[in-house]
Amino acid sequence: MEESRTAVIAALLGNAALALLKGTSAAFTGSAAMLAETFHSIADTGNQTLLFLGMRLARRPPDEAHPFGHGKNVYFWSFVVSMMLFTLGGAFSIWEAVRHYLHPFEKTPTIWAYGVLAGSFVFESISLAVAVHGLRRHAGSRSLRQYWRDSRDPTLVTVLMEDSAALVALLIAAAGLWLTQTTGDGIWDAAASGLIGLLLITVAIVLAVESHSLLIGERAPAWIERAIREVVASETAVTRLVELHTMHLGPRAVLIVLGVTFDGHLSADGVGEAVTQLQRRLAERLGDLTTERLIVIEPTPAPARRPAEAARAG
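Residues numbered from 1 in each chain as written. Predicted model: local features only at pLDDT ≥ 70, side-chain atom pairs only at ≥ 80, totals over all residues. Heavy atoms only, no water.

1. So, the sheet that holds strand β2 (residues 253-262)
Taken in spatial order, the three strands make up an open sheet running β1-β2-β3, and their pairing is mixed. If you trace the sheet from one side to the other, it starts and ends with β1 (238-250) and β3 (295-299), each paired once. For this sheet, the mean angle separating the axes of adjacent strands, direction not counted, is 15°. Note: β2 against β3, five bridges, orientation parallel. (Pairing = 2+ DSSP bridges. Helix = DSSP H or I, 4+ residues; strand = E, 2+ residues; numbered from the N terminus. Axes fitted to C-alpha atoms, helices over the stretch in contact; angles between N-to-C directions.)

2. Concerning a nonpolar patch on the surface
A contiguous nonpolar patch, built from Leu 21, Phe 28, Ile 111, Trp 112 and Phe 123 and spanning about 570 Å² of accessible area, is present on the exposed surface. Sorting the residues of the nonpolar patch by element identifies α1 (2-29) and α4 (111-139) as the ones contributing at least two each. Top element by residues in the nonpolar patch is α4. It accounts for three residues. Mapped onto the elements of the fold, Phe 123 is located in helix α4. Judged by its relative accessible area of 42%, Phe 123 is partly exposed. (Patch = residues over 30% accessible without salt bridge, like charges linked within 9 Å, V, L, I, M, F, W, Y side chains within 5 Å. Areas by Shrake-Rupley, 256 points an atom, 1.4 Å probe, with all protein chains shown as cover. Salt bridge = Lys/Arg side-chain N within 4 Å of Asp/Glu carboxyl O. Buried < 20%, exposed > 50% of the residue type's maximum accessible area, 1.4 Å probe, protein only.)

3. Re the side chain of Asp 153
By secondary structure assignment, the location of Asp 153 is in the loop between α5 (144-150) and α6 (154-183). No salt bridge is formed by the buried Asp 153. Its closest oppositely charged neighbour is Arg 252, at 7.7 Å. (Lys, Arg positive; Asp, Glu negative; His and termini not counted.)

4. Digging into the pattern of salt bridges
For the coordinates displayed, the defined rule picks out five salt bridges. For Arg 152, the salt bridge identified is with Glu 218, shortest N-O distance 3.5 Å. Highlighted residues: Arg 152 in the loop between α5 and α6 and Glu 218 in the loop between α7 (187-215) and α8 (222-234), separated in sequence by 66 residues. This pair shows no difference in class: Arg 152 is buried, exactly as Glu 218 is.

5. Thoughts on the environment of Phe 76
Position of Phe 76 relative to the elements: it lies in helix α3 (residues 73-102). As a C-alpha pair, Phe 76 and Val 271 span 195 residues in sequence and 39 Å in three-dimensional space.

6. Concerning the packing of aromatic side chains
Tallied over the full model, the rule gives two aromatic pairs. Where Phe 76 meets Trp 77, the ring centres are 5.0 Å apart and the plane angle is 75°; that geometry is what we call edge-to-face. Phe 76 sits in the partly exposed class, given a relative accessible area of 39%. (Phe/Tyr/Trp six-rings, centres within 6.5 Å; stacked < 30°, edge-to-face > 60°.)

7. Section: the pairing of β2
The buried fraction of β2 amounts to nine of the 10 residues, a majority that puts the element mostly inside the structure. Looking at chain direction, β1 and β2 are connected through 10 bridges and run antiparallel. Looking at the pairing, Leu 241 lines up with Val 260 of β2. Here β1 folds back onto β2 in antiparallel fashion, the turn holding two residues. Crossover connection from β2 via helix α9 (residues 268-286) to parallel β3: handedness right-handed. (Right-handed = clockwise from strand over helix to strand, strands pointing away.)

Here you go:
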């Protein structure tokens, strides 16, 4: 989570500064694309603030009302971020594009506007580099695609997608300003604002779908379930793993529910000791991803064999 926190703080500081610079430039030039970029940075600043809030709230310990902890705060606030990006960023940019197309007025692109865009590109590149560095450290030897599939922490991915979209949006805004200045036709500026809006809405939808999946309860990655099966298989008191269910309660909290058949020769006390030992071994194997409190083991009778199987066994 430390890599995520660093990436969020870097993006927050950068976007706050960029919102001020872009807003000043938009006021001087009257550019729809620059105004869209201003609201893009304002939205991103709010987004990073909400992501940071979610990370802080998720670290609160379990209480009577939330016995499994507060880890899903990260998922909830990530979903709110996607909605903000959709409305405040994307929808407003498209609205500005339509307004400037229907009611054009003279725009005066200046060297100041290009300077702001160039500086913004540098700031966004630095923020993206921080996010990529954190992602690489967190992903290890996994590819980006595999990390996306396995990760249950949406904060790094959110910052990465926002910064990538911001760099593309800056290039679109610069192209719109240049074409407007070259042709004298403000439709290019309006078109740039519309393209920025569509880009932000696309990113927002992707993030919303991912956060929604995590909010309603997503299973643990394959490597975690594989590790659970290995630990269960190594226990001499266990004869069969009947069922395995997992669910992420947060980026670093996994609920594990097992249906296990124990050796029929064990007494009731023996089964209780075997359950405790299995919980302890699973918690040790998975480290800070779970605790014994989040591991539920239900002694389950072995499934009855079909008549044909019983005849073959006899």
